Amino acid sequence: MNADAIQRRRAARKLAADQLATDLIIDCERAASRRDSRNTNPERWNGTDWRRYLHAAFHSPVILKLSALYASIGEIETARVHG
């Protein structure tokens, strides 16, 4: 595989990871605020709101997908350095 193809593959995976991370953050914020439009500012959240945020993050299936994508990106970068 040539350098351009490797770079495109890495960029595609990074974009996918960024999109998943954004979705995860949005889901966690929704969980923290309980979808209450008056409670969307993290600066005003209390301990319970933050616990809901973390609970949503720890129990999200997106975490496994992100982990796999980041591992794949790392493998591509390692192969590029050693290749």
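Placed above this text is the structure.
What you are looking at is a predicted structure, and each value in this text was computed from that prediction instead of being measured.

The rules behind these values
Residues numbered from 1 in each chain as written. Predicted model: local features only at pLDDT ≥ 70, side-chain atom pairs only at ≥ 80, totals over all residues. Heavy atoms only, no water. Helix = DSSP H or I, 4+ residues; strand = E, 2+ residues; numbered from the N terminus. Rg over C-alpha atoms; globule rule 2.2 N^0.38 Å. Contact = heavy atoms within 4.5 Å. Areas by Shrake-Rupley, 256 points an atom, 1.4 Å probe, with all protein chains shown as cover. Lys, Arg positive; Asp, Glu negative; His and termini not counted. Charge placed at Lys NZ, Arg CZ, Asp CG, Glu CD. Axes fitted to C-alpha atoms, helices over the stretch in contact; angles between N-to-C directions. Parallel < 35°, antiparallel > 145°, perpendicular 65-115°, else oblique. Left-handed = near helix turned anticlockwise from the far one by under 90°. Core = buried A, V, L, I, M, F, W, Y, C linked by side-chain atoms within 4.5 Å. Buried < 20%, exposed > 50% of the residue type's maximum accessible area, 1.4 Å probe, protein only.

Visitor: Sorry, what's going on with the overall build of the protein here?
Guide: For the protein, the helix and strand inventory stands at three helices and zero strands. Counting from the amino terminus, helix and strand elements in the protein follow one another as α-α-α. Here the C-alpha atoms of the protein give a radius of gyration of 17 Å, more than 25% beyond the 12 Å that 2.2 N^0.38 yields for 83 residues. The long-range share in the protein, meaning contacts at least 24 apart out of those at least 6 apart in sequence, stands at 68%. Within the structure as shown, the protein displays about 6,200 Å² of accessible surface, and the carbon and sulfur contribution to it stands at 54%. Across the protein, the centroid of the 14 positively charged side chains sits 3 Å from that of the 10 negatively charged ones.

Visitor: Any chance you could explain the environment of Thr-78 here in plain terms?
Guide: Topologically, Thr-78 is positioned in helix 3 (residues 62-82). Sequence separation of Thr-78 and Ser-37 is 41 residues, and the distance between their C-alpha atoms is 44 Å.

Visitor: Mind showing me how you'd approach the environment of Gly-47 here?
Guide: Its place among the elements puts Gly-47 in helix 2 (residues 47-58). For the pair Gly-47 and Leu-64, spaced 17 residues apart in sequence, the C-alpha separation works out to 26 Å.

Visitor: What's the story with the packing of helix 1 (residues 3-33) against helix 2 in this structure? I'm lost.
Guide: Closest axis-to-axis distance for the helix 1/helix 2 pair is 7 Å, and the angle between their directions is 140°. Our classification of the angle between helix 1 and helix 2 gives oblique. Relative to helix 2, helix 1 is oriented so that their crossing is right-handed. Listed contacts from helix 2 to Leu-24, Ile-25, Cys-28, Glu-29, Ala-31 and Ala-32 of helix 1 are Asp-49, Arg-52, Tyr-53, Ala-56 and Ala-57.

Visitor: Please clarify how the nonpolar core should be interpreted in this entry.
Guide: When a protein is soluble and globular, its nonpolar side chains tend to lie buried together. Judged by nonpolar contacts, the single largest core of 14 residues is most densely connected at Ala-17, Leu-20, Leu-24, Cys-28, Tyr-53, Val-62 and Leu-66. Secondary structure elements with two or more residues in this core: helix 1, helix 2 and helix 3. The greatest single-element share of this core, amounting to six residues, is contributed by helix 1. Apart from the residues lying within four places of it in its own chain, the contact partners of Leu-24 are Ala-57, Ser-60, Val-62, Ile-63 and Leu-66.

Visitor: How do you make sense of unusual backbone geometry when you look at a structure like this?
Guide: Generally, phi is negative for residues other than glycine and the peptide bonds are trans, each holding for most cases. For Arg-34, which is not glycine, the phi dihedral falls at a positive 55°. Structurally, the position occupied by Arg-34 is in the loop between helix 1 and helix 2. Assessed through its relative accessible area of 61%, Arg-34 is described here as exposed. Unlike most non-glycine residues, Arg-35 shows phi in positive territory, near 60°. Tracing the chain through its elements places Arg-35 in the loop between helix 1 and helix 2. You can call Arg-35 exposed: its relative accessible area is 66%.

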